[in-house]
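Examining the three-dimensional arrangement
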Amino acid sequence: MERVRVELRDIEIFLTLAEELHFGRTAERLHVSVAAVSKAIKKQERAIGAELFARDSRNVRLTPVGEQLRDDLRELHQGLTQSLERARLAARGKTGTLRVSLFPSNHQELRRYWETFRSRHPQWELRLRVSAWADPFAQLRNGKVDVLVTWPPVDEPDLTVGPLLFAEPRVLAVAADSPLAKWSTASVEAVGDYRHVTADPVPGGWFDRYVPETTPGGRSIERTAVVNNIEDTLLHTAMGETASLFPAHVALYYPRPGIVYLPVTDMEALPYGLVWRSEAENDLIRALARVVRELGPLPG
């Protein structure tokens, strides 16, 4: 039994590295050391007799053998993990799991939706996670999550946009020693010359709602600091490298001694709602959407 468990873990390490193409991020995701990731990959390469990844000082990429193994193992591993999960749930009297990935950080205010869902449907497990910014809809398409909480527009033909949870005004985060920090409010028009963050890859229209390409007056906004999560954004901001747009709740949930948050006067409120893959819609997703519709959006 121990031997099977270790082999499954090795497969998980391989598939995660095949997705991240970065030993450090793989180790962080799986809560293991970089050395453990390297050891597992070398073990698999010895067993197969070929390199699975080509590495140099800057890049990690799959070899043709690695690409074939990834394609062969991905569905098999997903089926195995789902079978084990169903067994664990059955042992606790649960019949299904709904996995929700969140872009907003106002977890406390959103608790009423999750607690209502759980109280109405004790037979189902509800799991929440924080979403990475890059390639936001891939997690729905690869089956890692069932529902995404994000802002519109979601112009994706295979995805369904569900009910709204809340909408918030915008704030601009700036370094405490920035000249902007002396202002009482901020204008996108006035700060358009400052560097802002971006994410890669992301759908253009979707991220443009978060950080526009141009000011209301038509001047270009430089978006060159690539980030993958809110902590990276705050780091760039505190160091004075960027001015960063956020929904207003970030000022409450992420206070920082080196950052000042300014209300933005010339941007619409940013709405957040449910999104899911249309073909994957099931009773659990419909139940959560029903809860959100019945409770209605948070007061503005």
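Residue indices follow the written sequence of each chain, beginning from 1 at its first position. Two thresholds apply to this predicted model, a pLDDT of at least 70 for residue-level local features and 80 or more for giving and counting side-chain atom pairs, whereas whole-chain, interface and lining totals are computed over all residues. The basis for the side-chain values is all heavy atoms of the structure; hydrogens and waters are excluded.

1. Section: unusual backbone geometry
- With omega at 5 degrees, the peptide bond leading from Pro 152 into Pro 153 counts as cis.
- The secondary structure listing takes helices from DSSP runs of H or I that are at least 4 residues long and strands from runs of E that are at least 2 residues long, numbered from the N terminus. Topologically, Pro 153 is positioned in the loop between strand E5 (147-150) and strand E6 (159-168).
- Asp 200 connects to Pro 201 through a cis peptide bond whose omega is -5 degrees.
- Here Pro 201 lies in the loop between strand E8 (196-198) and helix H7 (204-210).

2. Comments concerning the packing of aromatic side chains
- We call Phe, Tyr and Trp rings a pair once their centres come within 6.5 Å, taking the six-membered ring for Trp, and we label the pair stacked below 30 degrees between planes, edge-to-face above 60, and tilted otherwise. A full pass over the atoms with the stated rule returns 15 aromatic pairs.
- On the basis of an interplanar angle of 10 degrees and a centroid distance of 4.3 Å, the ring pair of Trp 151 and Trp 206 is categorised as stacked. One end of the pair, Trp 151, is in the loop between E5 and E6; the other, Trp 206, is in helix H7, with 55 residues separating them in the sequence. Across this residue pair, the class does not change: Trp 151 and Trp 206 are buried.
- Taken together, the aromatic side chains of Phe 103, Trp 133, Phe 137, Trp 151, Phe 166, Trp 206, Phe 207, Tyr 210 and Tyr 272 make up a single cluster linked through ring pairs. Note on classification: 1.4 Å probe, protein chains only; a residue is buried when its accessible area is under 20% of the maximum for its type, exposed when over 50%, partly exposed between these limits.

3. Some remarks on the environment of Val 188
- Positionally, Val 188 belongs in the loop between strand E7 (170-175) and E8.
- Considering only alpha carbons, one finds Val 188 and Thr 63, 125 residues apart in sequence, at a separation of 45 Å.
- In this description, contact between two residues means that some pair of their heavy atoms is separated by no more than 4.5 Å. Excluding anything up to four places from it in sequence, Val 188 contacts Pro 212, Thr 215, Pro 216, Ile 221, Leu 245, Val 264, Asp 266 and Met 267.

4. Thoughts on the sheet that holds strand E11 (residues 259-263)
- Strand pairing requires that DSSP identify at least two bridges connecting the strands. Taken in spatial order, the three strands line up as E10-E7-E11 in an open sheet, and their pairing is antiparallel. At either end of the open sheet lies a strand with only one pairing partner, and these are strand E10 (244-247) and E11. Neighbour to neighbour, the strand axes of the sheet diverge by 35 degrees on average, direction disregarded.
- Where E7 lies against E11, five bridges are found, and the strand directions are antiparallel. Note that in E11 the partner of Leu 172 across the bridge is Leu 262. Working convention: axes come from line fits to C-alpha atoms, limited for helices to the stretch in contact. Angles between N-to-C directions cover 0 to 180 degrees.

5. Quick look at the packing of helix H5 (residues 111-120) against helix H10 (residues 283-295)
- The contact between H5 and H10 brings their axes to 10 Å, and the two run at 125 degrees. Classed by the angle they form, the pair H5 and H10 counts as oblique. As for the relative orientation of H5 and H10, their crossing is right-handed in sense. Side by side, H5 and H10 meet where Arg 112, Tyr 113, Trp 114, Thr 116, Phe 117 and Arg 120 of the first sit next to Leu 284, Ala 287, Leu 288, Val 291, Val 292, Glu 294 and Leu 295 of the second.
- For the contact of H5 with H10, the class distribution of residues is nine nonpolar, one polar and three charged. Angle categories are assigned with fixed cut-offs, so that under 35 degrees is roughly parallel, over 145 is roughly antiparallel, 65 to 115 is roughly perpendicular, and the rest are oblique. Take the far helix as the reference: if the near one is turned anticlockwise from it by less than a right angle, the crossing is left-handed, and if turned clockwise, right-handed. Three classes are used, and their members are as follows: Ala, Val, Leu, Ile, Met, Phe, Trp, Tyr, Cys and Pro are nonpolar, Asp, Glu, Lys and Arg are charged, and the others, Gly among them, are polar.

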